[in-house]
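Chain by chain, the residues:
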Amino acid sequence: MKWIAVFCGSRSGASVSFSNAAREFGKQLAVRNIGLVYGGASTGLMGIVADAVLDSGGSAVGVLPHSLATRERAHTQLTELVLVDTLAERKQQMAERSDAFVALPGGFGTLDEVFEMITWTQLRLQAKPVGILNIDGFYDHQLAMTDVQVQQGFVPPEHTDMLIAVSEPEALIDQLLTAAESISSR
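Nothing here was measured: the structure is a model prediction, and the numbers come from that model.

Bringing the packing of aromatic side chains into the picture now. Applying the stated criterion across every chain yields a total of 3 aromatic pairs. Note on phenylalanine 18 and phenylalanine 138: the rings are 5.5 Å apart at their centroids and 80° apart in plane angle, and the pair reads as edge-to-face. Placement of the pair is phenylalanine 18 in helix H1 (residues 16-31) and phenylalanine 138 in the loop between strand E6 (130-133) and helix H5 (140-151), with a sequence separation of 120 residues. You can call phenylalanine 18 buried: its relative accessible area is 11%. Classification of phenylalanine 138 by relative accessible area gives partly exposed; the value is 33%. A ring pair is formed by phenylalanine 138 and tyrosine 139, whose centres lie 4.9 Å apart and whose planes are at 85°; its orientation type is edge-to-face. The exposure class of tyrosine 139 is buried, given its relative accessible area of 2%.

As structure tokens, this is what we get:
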């Protein structure tokens, strides 16, 4: 695995745990020689994970729509910054450049991005692992909703295996690497 796309907030959130986990996740990517592909901002968890990757000697590629370059403050120290026209193009570029996807805490945009990647996997438009870094139970309610979707017959039970939810950065990367090996051997 060479690149992981990270979806997360352009804000840091209410808990210092989110920032600490984003920093640790970025550091672990660099230590394992895995590059970061992310939304390109210098603010919030996005900026924290990118700074951690760069500070640890890793590579970070940002993909940012022109319209958000000022609002989200484009990161100026990246290995590469790709400016695109739309949010859809941002997701497409991130998907093409990545071997796996991870969601850290974030808002509606983060949910949109990670669930689109899960949907692409479900529809067999891609075969890349998708993970959630469930810091301090941030995604517990969303994961419970997924159980409801299964119970009510909207999501096949075997499709819940497409989403790896773990609370520790190192463990999530380990599981993504294992999942990627499993996918590539099929």
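Next, the rest of the story.
Before going further, it helps to examine the nonpolar core. One finds Phe25 and Leu36 to be the most contacted residues of the largest nonpolar core, which totals 30 residues. Residue assignment for this core shows that the elements contributing at least two residues are strand E1 (3-7), H1, strand E2 (35-38), helix H2 (44-55), strand E5 (100-103), strand E7 (163-166) and helix H6 (169-184). With 6 residues, the top contributor of residues to this core is H2. When neighbours within four sequence positions are excluded, phenylalanine 25 is seen to be in contact with Val6, Val49, Val102, Leu104, Leu133, Pro169, Leu172 and Ile173. Judged by nonpolar contacts, the second largest core, of 19 residues, contains Val82, Met94, Tyr139 and Leu163.

Direction vectors running N to C along helix H3 (residues 87-97) and helix H4 (residues 108-122) enclose 55°, while the axes themselves pass 11 Å from each other. Taken as axis vectors, H3 and H4 run oblique relative to one another. Between H3 and H4 lies a crossing whose hand is right-handed. Across the interface between the two elements, Arg90, Lys91, Gln92 and Ala95 from H3 touch Asp112, Glu113, Glu116, Met117 and Trp120 from H4. When its residues are assigned to classes, the contact of H3 with H4 shows 3 nonpolar, 1 polar and 5 charged.

Let us look at H1. In this model, H1 (16 residues) spans 23 Å end to end at C-alpha, consistent with the 22 Å of a helix rising 1.5 Å per residue. Looking at H1, one finds that the buried residues are Phe18, Ser19, Ala21, Ala22, Phe25, Gly26, Gln28, Leu29 and Ala30. Directly after H1, the chain includes asparagine 33, whose backbone phi takes a positive value near 60°.

Moving on, we come to the sheet that holds strand E4 (residues 80-84). On the basis of which strands lie adjacent, the open sheet formed by 7 strands has the order E4-E3-E2-E1-E5-E6-E7 and parallel pairing. The two strands at the open ends of the sheet, each matched to only one other strand, are E4 and E7. Pairwise comparison of adjacent strand axes, ignoring direction, gives a mean angle of 20° for this sheet. In terms of strand pairing, E5 meets E6 through 3 bridges, oriented parallel. The residue of E6 that forms the bridge with phenylalanine 101 is valine 130. Here H4 sits on the sheet and contacts E1, E5, E6 and E7; the angle it forms with E6, its principal contact strand, is near 150°.

The rules behind each value
- Residues numbered from 1 in each chain as written.
- Predicted model: local features only at pLDDT ≥ 70, side-chain atom pairs only at ≥ 80, totals over all residues.
- Heavy atoms only, no water.
- Phe/Tyr/Trp six-rings, centres within 6.5 Å; stacked < 30°, edge-to-face > 60°.
- Helix = DSSP H or I, 4+ residues; strand = E, 2+ residues; numbered from the N terminus.
- Buried < 20%, exposed > 50% of the residue type's maximum accessible area, 1.4 Å probe, protein only.
- Core = buried A, V, L, I, M, F, W, Y, C linked by side-chain atoms within 4.5 Å.
- Contact = heavy atoms within 4.5 Å.
- Axes fitted to C-alpha atoms, helices over the stretch in contact; angles between N-to-C directions.
- Parallel < 35°, antiparallel > 145°, perpendicular 65-115°, else oblique.
- Left-handed = near helix turned anticlockwise from the far one by under 90°.
- Nonpolar A, V, L, I, M, F, W, Y, C, P; charged D, E, K, R; others polar.
- Expected span 1.5 Å × (residues − 1).
- Pairing = 2+ DSSP bridges.

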